[in-house]
Amino acid sequence: MTAVKCIDLCKTYRQGEQEIKALDHVDLDVERGGFVCLSAPSGGGKTTLLNAIGGLDIPDSGQVWIAGTRIDNMSKSELARLRLTQIGFVFQAYNLIPVLTAKENVEFVMQVQGVPARDRAKLALEILDEVGLAGLDGRRPAEMSGGQQQRVAVARALVSRPALVLADEPTANLDSHSADGLMELFVELNRNHQTTFVIATHDQRVMAYAKRLIKMLDGRIVGDIRQHEH
Amino acid sequence: MTKQLQIVWTLAWRNLWRNHRRTLIMIAAVSVGVWAMIFMTALMRGMVNDMIRSGVENLPGHVQVHHPGFRDDPSVNNLIPATDTELAARLADRGFRAWSTRINVPAVITSERESRGVTLYGVDPARDRDVTFVADSIAAGRYLESIDDDGLVLGRKLLENLDTDLGKRVVLMSQDPDNDIADRGFRIVGVFEAELDNVEETMIFGGKRTIQQMLRIGDRVTEVAVVGPDYRDVEPLRRELARILDDDVEVLPWTELNTYLGTMLRVMDGFVLVWTVVIFLALSFGLVNTLVMAVFERVREIGLMLALGMRPVSILAQVMLESLLLLAIGLAVGTSLAWATIVPLEAGIDISIVGEGLEMFGASSVLYPELLLADVLLADAVVLILGILASLSPAWRASRYRPVEAITKV
């Protein structure tokens, strides 16, 4: 089954008088359980493609399908619901809510989903343990290192077991040890839960984990390499 | 939405105290504004009520009954058709707080040296002391003792104008129903003082029966004054009197007998609302500025929450709730402050330094602030409702952010 399908996606930004083609007739299929890395130089279109797949940005033309449902023509509320229930996001900058503790940040999505408090707390503590943050659940983002914050963000993205995880440069602010730990966690989830991962990255180490490597340049897909299975 | 209420509440409360200095300043501004609304209203209310109470106690009672032609021609030609005895029978045991029948005619008073035009009241002192202020305002001598009292009570100022004194004789002249001169000599037995010079200069009081005999009007009167439970709500009393008395009388509330004071009461209610709104408008700039800043500082977080699937309406609710919490704290502090400052002053504030000016308006030189629950509720409701309206714009803007743009804001 196809987890993600993009058909002839185009997106143009205007920067002053200049038009920049962020996505230029992009076609992409990602099967369920896929582990895909999007690789491109800066401005190559990988974040724009990730945003379009996640329903954060609407393409100028073309279609985006997630798990068999077309999303590019959805309303804001429908997109919010889709993101809430089916997609986990890991952003480059940790993007935690500063007034919430690590545990509360992890619980945030579940709380919006309406998961009962007791279940939320249990799941949040489990995943924090899984990402190596046991005992730090009561800390606020300002009291944690960059790597710890990124792991909280990852925990938040994964805690409700979404079918699709979109990660934008998830290791950009991590040391190599933390980056490896994070990628191994991704691989484990991919293998055990058939979670689909689409990761935008520059990082060669991250690319090494991918089953499939898609190279982009100037908004177009210029390479699609199938690598090893996990 | 209800599922998200808990997180919305948590975020609103914590974000409120994120910049606690700004929040405290805003709460202080709201508190002072609310205090000013309620305190000033209580002062104004106290002053106006004092004017009204003085006006009402200066003879009208809450409702008066006259012959329909009396207000145009206040003379013995326009007596109430029923006799005083009949009126007393109809008014007795009706549960009125107080009532009095009396004669009220123009007259001329003459001393050895001076003459003055006055309004002569023939009263039953036993009944009238509950309706008017005079019995409690005797500065020298005594008040009238019965309806047959042949003494006269007049104001201190009139005593000076007539260049006479307590115990001296004066002559009163008026008209009888046949338009003949009705006159009689009286001894001054009492001198009263009033808050208004005009009252002291123009009102004189004699025993009702003595005056009836002088005017040759038998057992008849020109006026009935009745006091009900509340001077603000006189219509039920007016209707009751109209029902129990004959059709050929005019029954009027004090608001129509003294249109100046009646208008004052209505203007005061309007003033309270305008004053409250004006203060709030000044406050609203601070409130909107605080919220705009709070939202502006959190664009990225708001984008993140939207990206993670929080619905725009929850973002709107979060900012609105933040504003509501700020207003609620300000209201609680401001209202408590107002209560704490007004209650100790309820014994009266001496403002005699501007007393002469106030007297022109019928207010006394001691101001009694009056804290009405209705005024407190009005101030609180105005702040809450207008505060919510003022918060709508920043809250709406926050909920309209596009996550992809907001999340990358630095």
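The preceding data block contains the structure.
Reading the values: rules and limits
Residues numbered from 1 in each chain as written. Chains lettered and ligands numbered in written order. Predicted model: local features only at pLDDT ≥ 70, side-chain atom pairs only at ≥ 80, totals over all residues. Heavy atoms only, no water. Contact = heavy atoms within 4.5 Å. Buried area = accessible area lost by both parts, 1.4 Å probe. Salt bridge = Lys/Arg side-chain N within 4 Å of Asp/Glu carboxyl O. Polar contact = N/O pair within 3.5 Å; in protein donor to acceptor, adjacent residues only side chain to side chain. Helix = DSSP H or I, 4+ residues; strand = E, 2+ residues; numbered from the N terminus. Axes fitted to C-alpha atoms, helices over the stretch in contact; angles between N-to-C directions. Parallel < 35°, antiparallel > 145°, perpendicular 65-115°, else oblique. Left-handed = near helix turned anticlockwise from the far one by under 90°. Nonpolar A, V, L, I, M, F, W, Y, C, P; charged D, E, K, R; others polar. Pairing = 2+ DSSP bridges. Phe/Tyr/Trp six-rings, centres within 6.5 Å; stacked < 30°, edge-to-face > 60°. Lys NZ or Arg CZ within 6 Å of the ring centre and 35° of its normal.

Peer 1: Mind laying out the interface of chain A and chain B, listing which residues take part and the relevant values?
Peer 2: Between chain A and chain B, the residue contacts involve 28 residues of the former and 24 residues of the latter. Between chain A and chain B, a total of about 2400 Å² is buried, with carbon and sulfur atoms accounting for 62% of that surface. On the chain A side of the interface with chain B, the three residues burying the most area are V99, F108 and Q111 of chain A, jointly 23% of the side's total. Joining chain A to chain B, the criterion identifies two salt bridges. Here E104 of chain A and R14 of chain B are joined by a salt bridge, their closest N and O atoms 2.5 Å apart. Put simply, chain A and chain B have six residue pairs in polar contact (both at pLDDT 80 or more) between them.

Peer 1: Lay out the side chain of H62 of chain B with the relevant residues and their values.
Peer 2: You can see H62 of chain B is positioned in the loop between α2 (20–57) and β1 (63–66). A distance of 3.0 Å separates a polar atom in the side chain of H62 of chain B from the backbone nitrogen of G228 of chain B.

Peer 1: Outline the packing of helix α12 (residues 312–342) of chain B against helix α14 (residues 373–399) of chain B, listing residues and values.
Peer 2: Residue and element names in this part refer to chain B. Relative to each other, α12 and α14 sit at 150 degrees, their axes nearing to 8 Å. Compared by their axis directions, α12 and α14 come out roughly antiparallel. The handedness of the crossing between α12 and α14 comes out as right-handed. Within the contact between the two elements, α12 uses P312, I315, L316, V319, M320, S323, L324, L327, L331 and T335 and α14 uses V376, D380, V383, L384, G387, I388, S391, L392, A395, W396, A398 and S399. Here the residues of the contact of α12 with α14 sort into 16 nonpolar, five polar and one charged.

Peer 1: I'd like a rundown of the pairing of strand β10 (residues 220–226) of chain A, residues and numbers included.
Peer 2: For a regular strand, side chains alternate in direction, first toward one face of the sheet and then toward the other. Residues and elements named next belong to chain A. In this sheet, β10 lies alongside strand β9 (residues 212–217) in antiparallel orientation, the contact comprising six bridges. Bridging across to β10, I214 finds its partner in D224. Remark: two residues form the turn of the hairpin made by β9 and β10, two consecutive strands paired antiparallel; D218 in that turn has positive phi of roughly 50 degrees.

Peer 1: For the packing of aromatic side chains, give the residues involved together with the corresponding values.
Peer 2: All names here are of chain B. Summed over the entire model, instances satisfying the criterion amount to nine aromatic pairs over all chains. For the ring pair W13 and W17, a centre distance of 5.7 Å and an interplane angle of 70 degrees mean the geometry is edge-to-face. In textbook terms, an aromatic cluster arises when at least three aromatic residues are bridged by ring pairs, as seen for Y121, F133, F192 and F205. Over the face of the ring belonging to W99 we find R127, whose NZ or CZ atom lies 3.7 Å from the ring centre. The ring of W396 has R400 sitting right over it, with the charged end atom 4.5 Å from the ring centre.

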